[in-house]
Amino acid sequence: MLDDVDLLICGAGPVGCVVAERAASVLGWKVLIVDRRSHIAGNCYDSRHSSGVLIHNYGPHYFRTNDASLLQYLTRFTEWLPAVYEVKSLVKGRLHPFPINLDTLEQFFQVQLDAASAERLLDELRVRNESPNNSEDYVLSRVGRQLYEAFYLNYTTKQWGMHPRELAPQVCGRIPIRKNRDARYVDHRFQVMPKQGFTALFSRMLRHRKIRLLLDCPFQEVRDLIHPRRATVYTGPIDEYFGCRLGKLPYRSLNFEFVPFQTEYMQPCVQINYPNDFAYTRSVEIKHVTGQYHPATVISYETPASTGEAYYPVPAAPNIALYQQYERLACQETHRRNVYFCGRLAQYRYFNTDEVMLEALGCFNQLRRRYAPALAPFASSTAASIA
């Protein structure tokens, strides 16, 4: 088994599963995936709670994309359910739509607005700054201090364990500000959920005779034992791959408490944020978007932590600088040993689920160009087909 491998993949999450499926199906490679966990799907893993309700074990994964070809590719492995990802934020005892929209502004300021008057209001509130260099400055430049302190400041501090002024602008910059009444969390063209869940989707990806899976197996235990004929794809923390020789990169972790309730629904929407109350940042009732019919429900309460499972790279300037040093080592490792680094932890970057799948397809295209250049690459929605 260990000496008959074309491609070794560290990690059975979205990146590992996508690259494995493409390498086996398109290139005909023999693929071995190792994962230190006892399950596939990485942080997208979902399972049945003891109550029978399907839960997202590592926090909610709201699938959305603007890339039609990505959706077409994934449709080979799942049917879809339409999903409306609606989030509210508890501020001063009232649930407000979030991201901020016209309804939020009207409720918060107790005024009636349209798009034009909302723009004038925000223009009055803004702190002028043409070049914000951190998340606090960025939000202040868009919505002013009152909304910043009510919706962003404490939530961001809890989530990251750092003041927003210590974080890069894009941390809060990912969140839109709307001048309409659209209550959806995101604006993407396609907003769906896998009909049987993410674990079922990735399980179908791996149903290929040339893909083998080794769970409960840390990469460090096999990296010197397995010598793949072609390449290695590594999706774990990049600093761990290099033995943290340049220093340890910080990651933010999460603790989850899953609480069952003997009622069909408890929340008015899939997610409620708590910027100013409680130690936890959000409660999620994923049943709102998974299409389940069940008399009970489960709510997960999510509390950030500085230690534990690595979930989020921390996008602060010193960390980005340290990652860039590791990135240079990774480029050398790719050139010398055909090791490719892909994914949120390996690239030290926050990716949504669709984004990380596109990164995986990009990684596969690198392999394809090197070993089978005559084959067509995966095509995004700007092109015609998928390899």
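Residues numbered from 1 in each chain as written. Predicted model: local features only at pLDDT ≥ 70, side-chain atom pairs only at ≥ 80, totals over all residues. Heavy atoms only, no water.

We now examine unusual backbone geometry. Residues apart from glycine generally show negative phi values, whereas peptide bonds are mostly found in trans. The residue after Phe98, namely Pro99, is reached through a cis peptide bond having omega 5 degrees. Within the secondary structure, Pro99 is located in the loop between β8 (94-98) and α3 (102-109). Backbone geometry places Cys244, a non-glycine residue, at a positive phi of 55 degrees. Assignment of secondary structure puts Cys244 in the loop between α8 (238-241) and β12 (251-261). Taking relative accessible area as the criterion, Cys244 reaches 26% and is therefore assigned partly exposed. (Helix = DSSP H or I, 4+ residues; strand = E, 2+ residues; numbered from the N terminus. Buried < 20%, exposed > 50% of the residue type's maximum accessible area, 1.4 Å probe, protein only.)

What follows deals with the sheet that holds strand β16 (residues 312-313). Taking strand neighbours across the sheet as the criterion, the seven strands line up as β8-β7-β13-β14-β15-β12-β16 in an open arrangement whose pairing is mixed. In this open sheet, the two strands that pair with only one neighbour each are β8 and β16. Looking at chain direction, β12 and strand β15 (residues 297-305) are connected through nine bridges and run antiparallel. By the bridge assignment for β15, Ser253 is matched with Ala305. Each of β7 (87-91) and β8 is contacted by α3, which is oriented at about 150 degrees to β8, the strand it contacts most. Strands β7, β8, β12, β13 (271-273), β14 (282-284), β15 and β16 of the sheet are contacted by helix α5 (residues 135-160), whose axis makes an angle of about 105 degrees with β12. (Pairing = 2+ DSSP bridges. Contact = heavy atoms within 4.5 Å. Axes fitted to C-alpha atoms, helices over the stretch in contact; angles between N-to-C directions.)

Our focus in this paragraph is the side chain of Asn352. Inspection of the secondary structure puts Asn352 in the loop between β17 (339-341) and α11 (353-371). Here the side chain of Asn352 touches Arg64 through a polar contact of 3.4 Å, side chain to side chain. Aside from chain neighbours lying at most four places away, what touches Asn352 is Arg64 and Arg174. (Polar contact = N/O pair within 3.5 Å; in protein donor to acceptor, adjacent residues only side chain to side chain.)

Our focus in this paragraph is the confidence of the model for the protein. Mean pLDDT over the protein stands at 95; residues scoring 70 or higher make up 97%. In this model residues 381-386 is a low-confidence stretch, pLDDT under 50, and it forms 16 contacts with partners more than four residues away in sequence or in other chains. (pLDDT = per-residue confidence, 0-100.)

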